[in-house]
Amino acid sequence: MEEDNHTLIYRQDSDLDLSFTSCTNTTISSSSARSSLARSSLCLSFNESTRISSASVPQSSNIPNLHPRPHRKSDPNWAAVNTAANLSSDGALHLRHLKLVRLVGSGNLGRVFLCRLRDYEHANFAIKVVDKNLLTAKKLSHVNTEGRILSSLDHPFLPTLYAHLEASHYSCFLIDYCSNGDLHSLLRKQPSYRLPIDAVRFYASEVLVALEYLHSIGIVYRDLKPENILIRDDGHIMLSDFDLCFNSEVEPTLDHRVERIKSRKQHRTRFGRYTCCNGRSRKYKEEEVVTEFVAEPTTAFSKSCVGTHEYLAPELVKGNGHGNGVDWWAFGILVYELVYGSTPFRGNSKESTLRNIASSRNVTFEDEPKCENPSMAHVKDLIEQLLVKDTSKRLGCARGATDIKRHPFFDGIKWPLIRTYSPPELRGLSVKKSGKARDGLVTVMPKKRRWIWKGLSWILMKSKGSKRNLNSNQNYYCYKKNVV
Ligand SMILES: Nc1ncnc2c1ncn2[C@@H]1O[C@H](COP(=O)(O)OP(=O)(O)OP(=O)(O)O)[C@@H](O)[C@H]1O
């Protein structure tokens, strides 16, 4: 048994719970079961032997020790798991501590069950059970990749690995349970399979932040699609399925960019009040140096053909090697699908879809009645900039999410506060209110509080005596370099 503060690795099969097999006939929960139309991921190995990046091959089957997880320290699920482990005679979590509730789905590698701790009914977990006897060496290496990556994550929009249990020929990962199923099933419940534009912005923003985190620790995800975006009970997302990821080096930088801002010049009057020049408001263009944190694995390189047909980037289809850009292409396809209910290059067969992606055909949008909503124009522009076939011109490839966040489609989003935004109200989505959520994506603060915040930030700026501010693009999560 190995244990650190956060993960308990069970190594003995003394309490092997054979209900993994007996549970398979249980009905799949409708909220979390994946729709039968879900698209399966593709993993071709014909290219892999030649020039695959060494970082993409799992070096060992061992899950490394976890780094501290500052963002989930106060998570009550951790407390429940630790309590169960501490009460055990050897201080370890075992399969016997868990009670399987029902099967929620099956994938390429294994089955996922909803489970609870036997002595604590209030916390739901998902356990992914992999029967290693049934897997080929290639699939086993995917399980190892998934385990290594899960053990390195610490982000609200990514799963927390509470325990990795090895029992006989089963490998089990205990992670967060997402009661609202996946975004693909949710999309199927909407009229014309489309989401309202504000809901698109909500999910796109959360996915963007999750991808930003993965890239900042050198992980290229490669399997972005609505099927892999799970929805937690509070309505926020959790990306899942890390078996197709690959690792790369990443060199973080702090970039300085000059931004022209509009401001109103103000003078202090002798009465001590603020007023505008000549009593009228005048706009001045000012320049401000904005410091941005950029950590994008621009040197990532792999030749394996993995992903899901409709979401594959052209460079991946052509098989000459690909890097970080495949995730930004897939992000463009995702946004398109959320807006239009289908993917832009889909053909009558998988082959014709691949041909459309590899062709020089650009993304097109269906004719719509004239729409007054400026967000529609913005979202189309965002999609066009992401679905650029030439990676050197594709938005995100050079500086990652930092550039994408500045796109007008995301105007008004306060990135550091993203977790506090209320999820959209959608058919088929049942959200447990935490009481802390803000209403709407672009929350307007009461006037009095706005002024207090402005005052505070002015005082902070003065006290630092610096002309350079970090703008809202800065990353607030704990950055870890090459932890995987
Ligand atoms: N944490 C979770 N909470 C709720 N449902 C989950 C969770 N993880 C997975 N599922 C569901 O279980 C099913 C299987 O998930 P899993 O990740 O094993 O398969 P998959 O995504 O098909 O994997 P692969 O793409 O490797 O075949 C999916 O329908 C998924 O929606």
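Residues numbered from 1 in each chain as written. Predicted model: local features only at pLDDT ≥ 70, side-chain atom pairs only at ≥ 80, totals over all residues. Heavy atoms only, no water.

- The name recorded for the protein in an unreviewed UniProt entry is non-specific serine/threonine protein kinase, from Artemisia annua.
- What the UniProt record of the protein gives under Sequence similarities (unreviewed entry) is the line "Belongs to the protein kinase superfamily. AGC Ser/Thr protein kinase family." (UniProt positions renumbered as here; feature names shortened; annotations may be inferred.)

1. Description of the overall build of the protein
Here comes step 1: For the protein, the count of helices and strands is 12 helices and 18 strands.
Here comes step 2: Out of the 484 residues belonging to the protein, those deemed buried represent 53%.
Here comes step 3: In the protein, the proportion of contacts linking residues at least 24 apart, taken out of those at least 6 apart, comes to 74%.
Here comes step 4: Surface summary for the protein: the accessible area is close to 23,600 Å², and the carbon and sulfur share equals 50%. (Helix = DSSP H or I, 4+ residues; strand = E, 2+ residues; numbered from the N terminus. Buried < 20%, exposed > 50% of the residue type's maximum accessible area, 1.4 Å probe, protein only. Contact = heavy atoms within 4.5 Å. Areas by Shrake-Rupley, 256 points an atom, 1.4 Å probe, with all protein chains shown as cover.)

2. Observations concerning helix α4 (residues 137-152)
Here comes step 1: In a regular helix each residue adds 1.5 Å, so 16 residues correspond to 22 Å; α4 covers 23 Å between its end C-alpha atoms and thus fits that length.
Here comes step 2: Burial in α4 covers these residues: His-142, Val-143, Asn-144, Thr-145, Glu-146, Gly-147, Arg-148, Ile-149, Leu-150, Ser-151 and Ser-152. (Expected span 1.5 Å × (residues − 1).)

3. Examining the environment of Ile-333
Here comes step 1: By the element assignment, Ile-333 lies in helix α8 (residues 325-340).
Here comes step 2: Leave out the neighbours within four places in its chain, and Ile-333 touches Glu-310, Tyr-311, Thr-343, Pro-344, Phe-345 and Leu-387.

4. Notes on the pattern of salt bridges
Here comes step 1: Going through the model one piece at a time under the given rule, you end up with 23 salt bridges.
Here comes step 2: The salt bridge involving Glu-146 is made with Lys-128; its shortest N-O contact spans 3.0 Å. Residue Glu-146 is found in helix α4, and its partner Lys-128 is found in strand β6 (residues 120-131); the two are separated by 18 residues along the sequence. Residues Glu-146 and Lys-128 agree in their burial class; the two are buried.
Here comes step 3: Residue Glu-259 pairs with Arg-257 through a salt bridge whose shortest N-O separation is 3.1 Å. (Salt bridge = Lys/Arg side-chain N within 4 Å of Asp/Glu carboxyl O.)

5. A look at the pairing of strand β7 (residues 163-167)
Note on strand geometry: in a regular strand, side chains alternate between the two faces of the sheet.
Here comes step 1: Of all 5 residues in β7, 5 are buried, a share of seventy percent or more.
Here comes step 2: On β7, burial covers both faces: Ala-163, Leu-165 and Ala-167 on one face and His-164 and Glu-166 on the other are all buried.
Here comes step 3: In textbook terms, the turn of a hairpin is the stretch between consecutive antiparallel strands, and for β7 and strand β8 (residues 170-176) this stretch comprises 2 residues, one of which, Ser-168, has a positive phi near 50°. (Pairing = 2+ DSSP bridges.)

6. Side note on the packing of aromatic side chains
Here comes step 1: Counted by the stated rule, this structure contains 11 aromatic pairs.
Here comes step 2: For the ring pair Phe-125 and Tyr-162, a centre distance of 5.1 Å and an interplane angle of 85° mean the geometry is edge-to-face. Placement of the pair is Phe-125 in strand β6 and Tyr-162 in the loop between α4 and β7, with a sequence separation of 37 residues.
Here comes step 3: By relative accessible area, which is 0% here, Phe-125 ends up buried.
Here comes step 4: The exposure class of Tyr-162 is buried, given its relative accessible area of 0%.
Here comes step 5: Geometrically, the ring pair formed by Phe-202 and Tyr-203 is edge-to-face, given 5.2 Å between the ring centres and 85° between the ring planes.
Here comes step 6: Given the relative accessible area of 3%, Phe-202 is considered buried.
Here comes step 7: With relative accessibility at 0%, the residue Tyr-203 sits in the buried group. (Phe/Tyr/Trp six-rings, centres within 6.5 Å; stacked < 30°, edge-to-face > 60°.)

7. Some points on the packing of α8 against helix α10 (residues 374-386)
Here comes step 1: In the contact formed by α8 and α10, the axes pass within 8 Å of each other and the chain directions differ by 150°. As the angle between them shows, α8 and α10 are arranged roughly antiparallel. Of the two elements, α8 crosses α10, and the hand of that crossing is left-handed. Residue-level inspection shows Trp-328, Trp-329, Phe-331, Gly-332, Val-335, Tyr-336, Val-339 and Tyr-340 of α8 in contact with α10, the latter providing Met-376, Val-379, Lys-380, Ile-383 and Leu-386.
Here comes step 2: The residue makeup of the contact of α8 with α10, split by class, is 11 nonpolar, 1 polar and 1 charged. (Axes fitted to C-alpha atoms, helices over the stretch in contact; angles between N-to-C directions. Parallel < 35°, antiparallel > 145°, perpendicular 65-115°, else oblique. Left-handed = near helix turned anticlockwise from the far one by under 90°. Nonpolar A, V, L, I, M, F, W, Y, C, P; charged D, E, K, R; others polar.)

8. As for the domain arrangement of the protein
Here comes step 1: Per the domain assignment, the segments of the protein are domain 1 (76-176) and domain 2 (181-259 + 290-420).
Here comes step 2: A straight line from the C-alpha centre of domain 1 to that of domain 2 covers 28 Å.
Here comes step 3: Contact residues are listed per partner, giving 18 residues for domain 1 and 20 residues for domain 2.
Here comes step 4: Across the domain 1/domain 2 interface, buried area totals approximately 1,600 Å², and carbon plus sulfur atoms make up 67% of it.
Here comes step 5: Together, Ile-149, Phe-157 and Leu-158 form the three largest contributors to the area buried by domain 1 at its contact with domain 2, with a combined 40%.
Here comes step 6: Between domain 1 and domain 2 we count 2 salt bridges in total.
Here comes step 7: In this structure, Asp-176 engages Arg-232 in a salt bridge whose closest nitrogen and oxygen atoms are separated by 3.7 Å.
Here comes step 8: Breaking the side of domain 1 that touches domain 2 down by element, the ones donating at least two residues are α4 and β8.
Here comes step 9: Looking at the side of domain 1 that touches domain 2 element by element, the count peaks at 7 residues for α4.
Here comes step 10: Split by residue class, the side of domain 1 that touches domain 2 holds 9 nonpolar, 4 polar and 5 charged. (Domains from an automatic or database assignment. Buried area = accessible area lost by both parts, 1.4 Å probe.)

9. Quick look at α10
Here comes step 1: The end-to-end C-alpha separation of α10 is 19 Å, in line with the 18 Å expected for 13 residues at 1.5 Å each.
Here comes step 2: Three or more residues of α10 are buried, namely Ser-375, Met-376, Val-379, Leu-382, Ile-383 and Leu-386. Taken around the axis of α10, the buried residues stretch over an arc of 125°, which confines them to a single face.
Here comes step 3: At its buried positions, α10 is contacted by α6 (197-216), α8 and α11 (401-405).
Here comes step 4: Capping the start of α10 is the job of one residue whose side-chain oxygen sits 2.9 Å from the backbone nitrogen of Ser-375: Asn-373. (Arc of directions from axis to C-beta. Polar contact = N/O pair within 3.5 Å; in protein donor to acceptor, adjacent residues only side chain to side chain.)

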